[in-house]
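Structural overview
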Amino acid sequence: MSLIPQRTVTELKELRELTSDENGAQRVAWTDVWQKARKWFATKLVGLPIEHHYDAAGNNWVTLRGTSEKTLLIGGHLDSVPNGGWLDGSLNVLAGLEVLRRFAAEFKGKPPVTIRLVDWADEEGARFGRSLLGSSAFAGTHSIAADRVRTDKDGVTMEDALKRCGVHMDRFPEAEKERANAAAYIELHIEQGPVLEKLGLPLGVVLGTKGVERHAITFHGQEAHSGATPMKQRKDALAAAAKLALDIRNIAGKHPDAVCTVGSLKTFPGIVTAVVGRCEATLDQRDLDARVLAQMYREAQEASKRFASEENCTVEWSRIWSIEPIPFHPQLIELCEQSVRELSGNSHRLPSGPLHDAAEVSRAGIPTVMMFVQSLRGISHNKIEDTREEHLEMSVAALDRLASKTVDWILKAN
Ligand SMILES: [Zn+2]
């Protein structure tokens, strides 16, 4: 029996039927619907020559033992955001299942290396605001103390919600033992952006996940009466912030894949009759190259000081969050490119703006690569998220091709 990509599309529709309502997918991690999705997934494993277990962080592992203990990992996540799409995360898992079935059939239950499929717990962080939870426990980058006290919108703590699903946060570090023998990690994902569609390409090779610098920037001026204060004597904090919000286009524009976003501006006192005395802005900057990211951060700081002084204001910065760029493995990128070209006749390399579980796996030192399939209209985290069925099927075949090449690579390297 060989690969049946059509089956993946059929199963994705089954899952959608089971776990969505009129507003989209509702597979939010640590909820009943999510657990229903996982139970449904377990029924798909019946009859396969595999071992199945949940690790200490709630990650869902399917293991097909091979002749060698060296292991190829294939990953995804069944959880979704509220009102999410039908493909984000679940395509990865179900395409991985199809690849696993093909290996099991072709090698009569014993492939040359061990193949493991993982459905990561809580990739989205939709309920507690903490993304990549299960994969960071696996990678050993998770800090329990910071997360156990997080609460959802109803005041339920993360620790209690996980306990309800049989997961005890104290035991998270035990998930690190799943890293044993891992020789490579591959992940297929929808692009969630418009690049491949614009280029007319079904598939793309992901170079890595972009690093992020995220800051709160506060401009201080002087509140003053809007009628009594002459234009030349104002200390208008909004004017300084507005200049920065426009200038980040120039800062990002010097680099082909860089992005900078001022996502929030709050003015104080925020009334119609006062010059803005204080303006709080947020800035999010991303690039795959750490030097570019550092340069953009420096340039934004310099620009903010210049604009503050032009408007007779002052400015202060505080870091909200940051993560370094995570480039994927050069040889696996090469294999991914060959696979994409063999299936679609064409290939394109692109960085990922969103973070993915693959970034955590790569941080753990395991050679990693991701493949993207085109997203229609570039929309995701939305019920209208979609991908052409022929592209979905092609992506399953390309992931399968990549899996075979990676198995050969693992065998050759060891
Ligand atoms: Zn995802």
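My aim in this report is to walk through the structure given alongside it, one point at a time. All residue numbers here refer to positions counted from 1 along the written sequence of the relevant chain. Local features in this predicted model are restricted to residues of pLDDT 70 or higher, and side-chain atom pairs are both shown and tallied only at a pLDDT of 80 or more, whereas totals for entire chains, interfaces and linings draw on every residue. Side-chain metrics rest on all non-hydrogen atoms present in the structure, leaving aside hydrogens and water.

1. Focus: the overall build of the chain
Of regular secondary structure, the chain possesses 12 helices and 17 strands. Judged by the C-alpha coordinates and their principal axes, the chain covers about 85 × 45 × 40 Å. Here the chain holds 414 residues, and the buried ones make up 54% of them. A fraction of 78% describes how many contacts in the chain between residues 6 or more apart in sequence connect residues 24 or more apart. For the area figures, the Shrake-Rupley method with a 1.4 Å probe applies, and any residue is considered shielded solely by the protein chains shown. Here the chain has roughly 17500 Å² of accessible surface; of this, 50% comes from carbon and sulfur atoms. By the counting rule applied here, Lys and Arg register as positive and Asp and Glu as negative, while His and the ends of each chain are not counted. Charge coordinates come from a single atom per side chain, which is NZ of Lys, CZ of Arg, CG of Asp or CD of Glu. Each charge sign in the chain was given a centre, from 51 positive and 56 negative side chains, and these centres are 1 Å apart. Numbering of helices and strands runs from the N terminus; a helix is a DSSP stretch of H or I covering at least four residues, while a strand is a stretch of E covering at least two. Relative accessibility decides the category of a residue: with a 1.4 Å probe and only protein chains considered, values under 20% of the type maximum give buried, values over 50% give exposed, and everything between is partly exposed. Working rule for contacts: check all heavy atoms of both residues, and any pair within 4.5 Å makes them a contact.

2. Things to note about the sheet that holds strand β13 (residues 278-287)
The rule for pairing is simple: two strands pair if DSSP sees at least two bridges between them. Strand order in this open sheet of 4 strands is β11-β13-β9-β14, and the pairing throughout is antiparallel. If you trace the sheet from one side to the other, it starts and ends with β11 (259-268) and β14 (314-323), each paired once. Each neighbouring strand pair of the sheet contributes to a mean axis angle of 15°, computed without reference to strand direction. Relative to β14, strand β9 (residues 211-220) runs antiparallel, the two being bridged by 9 bridges. If you follow Arg214 over to β14, its bridge partner there is Trp321. Orientation is described by axes fitted as lines to C-alpha atoms, over the contacting stretch for helices, and by angles from 0 to 180 degrees between their N-to-C directions. Set on the sheet, helix α8 (residues 237-253) makes contact with β9, β11 and β13; between it and β11 the angle comes to about 175°.

3. What about the layout of surface pockets?
Method remark: on a 1 Å grid restricted to protein atoms, a set of points is classed as a cavity if a 1.4 Å probe fits but cannot get out and as a pocket if it is open with protein on both sides within 12 Å along at least five of seven lines; lining residues have an atom within 4 Å of a point. Grid points are joined across faces, edges and corners, and a volume is the space filled by probe spheres set on the points. Taken as a whole, the largest pocket holds about 830 Å³ of empty space. Lining of the largest pocket is provided by 27 residues; of these, Ser131, Leu132, Arg214, Trp321 and Leu355 occupy positions nearest its centre. Elements with a contribution of two residues or more to the lining of the largest pocket: α5 (144-148), β14 and α11 (357-363). It is β14 that contributes the most residues to the lining of the largest pocket, 3 residues altogether. Each residue is assigned to one class: nonpolar for Ala, Val, Leu, Ile, Met, Phe, Trp, Tyr, Cys and Pro, charged for Asp, Glu, Lys and Arg, and polar for all the others, Gly among them. In the lining of the largest pocket, the residues fall into 6 nonpolar, 11 polar and 10 charged.

4. With respect to the nonpolar core
Here the nonpolar core consists of buried residues drawn from Ala, Val, Leu, Ile, Met, Phe, Trp, Tyr and Cys, with membership extended through side-chain atoms lying within 4.5 Å. Counting 71 residues, the largest nonpolar core has Phe41, Leu72 and Ile115 as its most contacted members. The dominant element in this core, judged by the number of residues it contributes, is helix α12 (residues 389-413), at 10 residues. Apart from the residues within four sequence positions on either side, Phe41 is in contact with Asn60, Val62, Leu78, Val93, Leu94, Leu97 and Leu117.

5. Things to note about the coordination of the zinc ion
Donor selection uses N, O and S atoms within 2.8 Å of the metal (3.2 Å for Na, K and Ca). Since no water is included, sites may look incomplete. Coordination of the zinc ion by the protein involves His77 (NE2), Asp88 (OD) and His189 (NE2), with metal-donor separations of 2.1 to 2.2 Å. Mapping the donors of the zinc ion onto the primary sequence gives the spacing H-x10-D-x100-H. A residue pair is termed long-range when its members are at least 10 positions apart, and Asp88 in the loop between β5 (68-76) and α3 (90-106) and His189 in strand β7 (residues 182-190) qualify at 101 residues. There is no split in this pair, since Asp88 and His189 are both buried.

6. So, the pairing of strand β17 (residues 368-373)
Counting buried positions over the 6 residues of β17 gives 6, a clear majority of the element. By the bridge criterion, 6 bridges tie β7 to β17 in an arrangement that is parallel. Looking across to β17, one finds that Ile186 is bridged to Val369. Relative to β17, strand β8 (residues 203-209) is paired through 4 bridges, and the arrangement is antiparallel. Residue Val205 lies in a different strand from β17, and its bridge partner there is Met371.

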